[in-house]
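# Architecture at a glance
Now for the letters of each chain:
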Amino acid sequence: MSYIHNPGTYPLVYRTVGQQLSHAAKEFGDCEAFVCVEESKRITFGQLKDEADHLAAGFRCLGLEKGDRVGIWAPNVAMWPVVMYAAARAGLILVTLNPAYEVLEMKFCLKKVGIKALVTSENFHQKDYYEKLIEIVPKLSSSDPRRLHCEELPHLTAIVIDSERNFPGTLRLKDVKSLPTPSQIKLIEDQQKDISPDSAFNIQFTSGTTGKPKATLLKHFAFINTGMDVERLGIKNRKICLQVPFFHAFGMSVGLMFSVCRNATIVVPSVHYNPEKSLRAITDEECSVIYGTPTMYVDLVNKQNEMRENLKVEFAVTAGAPCTPQHFREMKEKLGLRNVITSFGMSEYTGLSFSSFPGDVDEEVFHTVGYIQDHIEVKVIDPRGNVVPFGTAGELCVRGYFTMMGYWDDEEKTKEVLSADGWLRTGDQFILQPNGYGKIVGRLKEMIIRGGENIFPREIENFLATCPKINEAYIVGVPDERLGEEMCAFVRLHRGCESFTAQDIRDFCNGKIAHFKIPRYIEIVQEFPKTVSGKIQKFHLQQQFKQKEK
């Protein structure tokens, strides 16, 4: 039957994220932890600990206490890992926020988990964060930055911006670092023993079928051992070009956490993903490993065809979305790779549940998501909860050290996916093979994976319904060669609004929802295919799209 337990070949480590940083600074403190190429910044493990402790003590000076939530709303900038480890060292819960979030999305997240302090960069893709912050906290410009008060967001007491400029009502990151005394900074190391590996460390937002994001709560113990387990990929002591965003589970646990666990240098080629800058960083920094989503590798291959860089890469690790066999072949050929490693994970369990090995044959890499990770159990069940035979499709369930603690302040949704005995239902239709390798054959949920970004149609549908011109809207995933999937919105307008165009709908979306959630394709229709009971038949919408594309 489709059940496998992989006990692993080494013991789990009972340690916090902050304690692991102490260990890394002691063992290989002079080695480079992060190289941020675009910002021309390099930081060793020893410097990372020193900066993190200054900021952790600074957070304490702002009144943040163990268990408080500190949010980070920024792209891949050098201060990101410093904030991450500062939160861990201070016993805070780090809330990782998509830098593309717009005002309404940020308000929801800030309120949902009661963020007490928010750390941001100045901008994202030429969008000024301070302008958005004024919309979130209307009285920000006239507020005391040490005593921030917002009636709509009562928990929020401080906003910290990584900038040389002074923005009214906010604090500069470097000033927060300078708040504590030497004795307060030293106290951070002394207090590491008081933080439990079983306590919460991170909240990642993941959309749900209700259209509202769910806040996934993850613990120190899960992050540490996910970082340790990535060693099986054979990339210890390597330079890794990390293209994926830090706020994703892939970038945070398999990237930033792995670095501190296994003495790997993370090379960040650019603040915002750019394939040309990635190739130059890989060459100039002599990276032997690349992290990316399938879409990123499509772009790298195309750009390498133009630039013809002298690459010396051995491994490429892909996750975040399915990758076609053709893309795998092109990656190996055009990027000169010795190995391509495929992997599979989700936010609800910190990192990876499956990944291939460096020596796996192409058949295993191209047509599976790899082999079950160490120290976890997996099973595949039918709709009644019974385990199905090997080779039979069903829902993938996982259990182990890495599963989430639950959804923050949402016991009902937690119980839907996480059983009392620890099994997490992933919602993925899966085939488990007797040899421990697995295949994704579909999704029980309606999630669309667009270039590694997880998008749930209901959220977009609910938003489009707020447009006065739109009567109904339904979102389906449609094939896309580069991104894997794109969104197509089928929209029925109110009577009298026939002149409202697809571009008008896009204009309505701009600035209100993240850019990656705006449908690329918009079809205005008169009616929707429905069942007798009135349910929308989305597969018919997908067929309509395919017919039109022919």
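Refer to the structure printed above.
Everything numeric in this text was worked out from a predicted model, so none of it was measured.

## Side note on the sheet that holds strand E27 (residues 470-480)
- Ordered in space as E27-E28-E29, the 3 strands form an open sheet in which the pairing is mixed. What marks the edges here is a single partner per strand, and that holds for E27 and strand E29 (521-524). For this sheet, the mean angle separating the axes of adjacent strands, direction not counted, is 25 degrees.
- Sheet contacts for helix H15 (residues 457-464): E27 and strand E28 (484-493); angle to E27, the most-contacted strand, approximately 145 degrees.
- Sheet contacts for helix H16 (residues 502-509): E27, E28 and E29; angle to E29, the most-contacted strand, approximately 125 degrees.

## Section: the nonpolar core
- Membership of the largest hydrophobic core comes to 100 residues, with the highest contact counts inside it found for Trp 80 and Tyr 291.
- Of all hydrophobic cores here, the second largest spans 55 residues; its members include Val 137, Ile 161, Val 491 and Ile 505.

## Some details on helix H10 (residues 275-284)
- Those residues of H10 not exposed but buried are Pro 275, Ser 278, Leu 279, Ala 281 and Ile 282. Looking down the long axis of H10, one finds its buried residues gathered within 165 degrees of arc, a one-sided arrangement.
- Where H10 is buried, its residues meet strand E13 (239-242), strand E14 (265-268), strand E15 (289-292) and helix H11 (294-307).
- The residue sitting at the N-terminus of H10 and contributing the capping side-chain oxygen is Asn 274; that oxygen lies 3.0 Å from the backbone nitrogen of Glu 276.
- Remark: Glu 286 follows H10 within two positions and exhibits a positive phi of approximately 55 degrees.

## Focus on the environment of Asp 507
- Among the structural elements, Asp 507 can be located in helix H16.
- Expressed as a C-alpha distance, the spacing of Asp 507 and Glu 363, which sit 144 residues apart in the sequence, is 45 Å.

## A look at the environment of Ser 355
- When you line up the elements, Ser 355 lands in strand E18 (residues 352-355).
- Owing to a relative accessible area of 1%, Ser 355 belongs among the buried residues under this scheme.
- Separated by 10 residues in sequence, Ser 355 and Val 365 place their C-alpha atoms 8.8 Å apart.
- With residues up to four places along the chain from it excluded, the contact list for Ser 355 reads Arg 232, Leu 233, Thr 342, Ser 343, Val 369, Gly 370, Tyr 371 and Gln 373.
- Reaching out from Ser 355, the side chain makes a polar contact with the side chain of Gln 373 at a distance of 2.5 Å.

## A word on the packing of aromatic side chains
- A complete count under the given rule lists 19 aromatic pairs for this structure.
- On the numbers, 5.5 Å between centres and 40 degrees between planes, the contact of Tyr 401 with Phe 402 is tilted.
- Residue Tyr 401 is classed as buried on the basis of its relative accessible area, which comes to 7%.
- Within the aromatic cluster, the residues linked to one another by ring pairs are Tyr 14, Phe 221, Tyr 349, Tyr 401 and Phe 402.
- One cation-aromatic arrangement involves Lys 379 over Trp 423; the distance from NZ or CZ to the ring centre is 4.4 Å.

## Examining the side chain of Lys 132
- Tracing the backbone shows Lys 132 in helix H5 (residues 129-136).
- For Lys 132, a relative accessible area of 12% gives the class buried.
- Contacts of Lys 132, omitting those with residues within four sequence positions, involve Trp 73, Tyr 101, Glu 102, Val 103 and Lys 127.

## Some words on the layout of surface pockets
- Here the second largest pocket defines a volume of roughly 600 Å³.
- Along its surface, the second largest pocket is lined by 33 residues, and Pro 245, Tyr 273, Met 296, Glu 453 and His 515 are the ones closest to its centre.
- A total of 3 residues in the lining of the second largest pocket trace back to one element, the largest contributor, which is H11.
- Within the lining of the second largest pocket, the residues separate by chemical class into 16 nonpolar, 13 polar and 4 charged.

Parameters and conventions
- Each residue is numbered by its place in its chain's sequence as written, counting from 1.
- In view of the model being predicted, local features appear only for residues whose pLDDT reaches at least 70, and side-chain atom pairs are presented and counted only at 80 or more, with totals across whole chains, interfaces and linings using the full set of residues.
- Calculated side-chain values reflect all of the structure's heavy atoms, with hydrogen atoms and water omitted.
- Strands are treated as partners if at least two bridges between them are detected by DSSP.
- Helix numbers and strand numbers start at the N terminus; a helix is a DSSP run of H or I with at least 4 residues, a strand a run of E with at least 2.
- The angle between two axes is taken between their N-to-C directions and runs from 0 to 180 degrees, where each axis is a line fitted to C-alpha atoms and a helix contributes only its stretch in contact.
- Two residues form a contact once any of their heavy atoms are found within 4.5 Å.
- By nonpolar core is meant a set of buried Ala, Val, Leu, Ile, Met, Phe, Trp, Tyr and Cys residues that side-chain atoms within 4.5 Å join together.
- The classification of residues rests on relative accessible area computed with a 1.4 Å probe and restricted to protein chains. Under 20% of the type maximum is buried, over 50% is exposed, and intermediate values are partly exposed.
- Taken from the helix axis, the directions to the C-beta atoms give the arc we talk about.
- We define a polar contact as two N or O atoms separated by no more than 3.5 Å, with the added condition that, inside protein, one atom must be a possible hydrogen donor and the other a possible acceptor, whereas residues neighbouring each other in sequence contribute only through side-chain atom pairs.
- A pair of Phe, Tyr and Trp rings is counted when the ring centres sit within 6.5 Å of each other, with Trp represented by its six-membered ring. The angle between the planes then sorts it: under 30 degrees is stacked, over 60 is edge-to-face, the rest tilted.
- For a lysine, the NZ atom is tested; for an arginine, the CZ atom; a charge sits over a ring if that atom is within 6 Å of the ring centre and within 35 degrees of the ring normal.
- In this analysis the probe radius is 1.4 Å and the grid spacing 1 Å, with only protein atoms considered; a cavity is a set of points the probe fits into but cannot get out of, a pocket is an open set with protein on both sides within 12 Å along at least five of seven lines, and lining residues have an atom within 4 Å of a point.
- Grid points are joined across faces, edges and corners, and a volume is the space filled by probe spheres set on the points.
- Polarity classes work like this: nonpolar for Ala, Val, Leu, Ile, Met, Phe, Trp, Tyr, Cys and Pro, charged for Asp, Glu, Lys and Arg, and polar for all others, with Gly in that last group.

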